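A closer look at the structure
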Amino acid sequence: MAFLKNRTSVLIIGGLVILALIGLVGSFTSNPAGFIQKIAIMALIGFAIFFLVRKFSNSGPQKKEQRAFLKAARQSKKRLQHKSGDSNTKSSLGPISTLKKNKSKRKSPAHLTVIEGKKGKKKNRASL
């Protein structure tokens, strides 16, 4: 709000606002129907430009997130359909062959280690 400290800029902006209001009142009193028609046309053009820009701008973060979500949903649905399709074909082969295939496809358990630290000892930050 640095412009509020400068007195001349406040006067110039205030003068422009007053002149704009005088012009609006003058055009409304001289031709009210024409004034309302011009305002309506300007509003329609503004809305049209707004919607066109909004439709054709692909850089919005919501659109990118929405696109990523839809892609993930499609992949998930495809994976589920693929798994359900596999289970139908496996059941037709017989129970022995399904047990053999399931055993060979099992994943090995994740080997996680716990790193022990010195949680009780606090750093002396004054010495650093």
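Above this note sits the structure.
Residues numbered from 1 in each chain as written. Predicted model: local features only at pLDDT ≥ 70, side-chain atom pairs only at ≥ 80, totals over all residues. Heavy atoms only, no water.

1. Looking at the overall build of the protein chain
Threshold: Helix and strand labels come from DSSP, where a helix needs a run of H or I of at least four residues and a strand needs a run of E of at least two; each type is numbered from the N terminus. Type-normalised accessible area, obtained with a 1.4 Å probe on protein chains alone, sets the label of each residue: buried when under 20%, exposed when over 50%, and partly exposed for intermediate values. Values of accessible area rely on a 1.4 Å probe in the Shrake-Rupley scheme; residue burial ignores everything except the protein chains shown.
Across its full length, the protein chain carries five helices and zero strands. Secondary structure elements of the protein chain occur, N-terminal to C-terminal, as α-α-α-α-α. When the 128 residues of the protein chain are sorted by exposure, 4% land in the buried category. Accessible surface for the protein chain amounts to roughly 12600 Å². Of this, 66% is attributable to carbon and sulfur atoms.

2. Re the packing of aromatic side chains
Our working rule: Geometry of aromatic contacts follows a simple scheme: Phe, Tyr and Trp rings, the Trp one being its six-membered ring, pair when their centres are within 6.5 Å, and the pair is stacked under 30 degrees between planes, edge-to-face over 60, tilted otherwise.
Here the structure, examined in full by the defined rule, presents two aromatic pairs. When the ring of Phe28 is compared with that of Phe35, the centres are 5.4 Å apart and the planes differ by 75 degrees; the resulting orientation is edge-to-face. Exposure remark for Phe28: the relative accessible area of 38% places this residue in the partly exposed category. With a centroid separation of 5.3 Å and an interplanar angle of 65 degrees, the aromatic rings of Phe50 and Phe51 are classed as edge-to-face. Looking at Phe50, the relative accessible area reads 45%, which means it is partly exposed.

3. Examining a nonpolar patch on the surface
As a reminder, the rule being used: Exposure above 30% relative accessible area and the lack of any salt bridge qualify a residue for a patch; like charges then connect within 9 Å, and the nonpolar side chains Val, Leu, Ile, Met, Phe, Trp and Tyr within 5 Å. The rule for a salt bridge is simple: a side-chain nitrogen of Lys or Arg has to be within 4 Å of a carboxyl oxygen of Asp or Glu.
A cluster of nonpolar side chains, contributed by Ile13, Val17, Leu21 and Leu24, occupies part of the molecular surface with about 350 Å² of accessible area. The residue Leu21 is located in helix H2 (residues 7-30) in this model.

4. Thoughts on a positive patch on the surface
For the record, the criterion: Counting rule applied: Lys, Arg positive; Asp, Glu negative; His and chain ends not counted. Where a charge lies is defined by one atom per residue type: Lys uses NZ, Arg uses CZ, Asp uses CG and Glu uses CD.
A cluster of basic residues, Arg54, Lys55, Lys63, Lys64 and Arg67, forms a positive patch on the protein surface. Sort the elements by how many residues they give to the positive patch and helix H4 (residues 61-93) lands first, with three residues.

5. Observations regarding the packing of H2 against helix H3 (residues 32-56)
How we decide: Every axis corresponds to a line fitted to the C-alpha atoms, with the helix fit spanning only the stretch in contact, and the corresponding angles, defined between N-to-C directions, vary from 0 to 180 degrees. Working definition: roughly parallel below 35 degrees, roughly antiparallel above 145 degrees, roughly perpendicular at 65 to 115 degrees, and oblique for all remaining angles. In what follows, a contact means two residues having at least one pair of non-hydrogen atoms within 4.5 Å. When residues are sorted by character, Ala, Val, Leu, Ile, Met, Phe, Trp, Tyr, Cys and Pro go into the nonpolar class, Asp, Glu, Lys and Arg into the charged class, and all the rest, Gly among them, into the polar class.
Between H2 and H3, the least distance of the axes is 5 Å, while the angle of their chain directions is 125 degrees. Between H2 and H3, the interaxial angle falls into the category oblique. Residues Leu24, Ser27, Phe28, Thr29 and Ser30 of H2 form the contact with H3, whose own contacting residues are Pro32, Phe35 and Ile36. Considering only residue class, the contact of H2 with H3 consists of five nonpolar, three polar and no charged.

These figures capture arrangement, not role.
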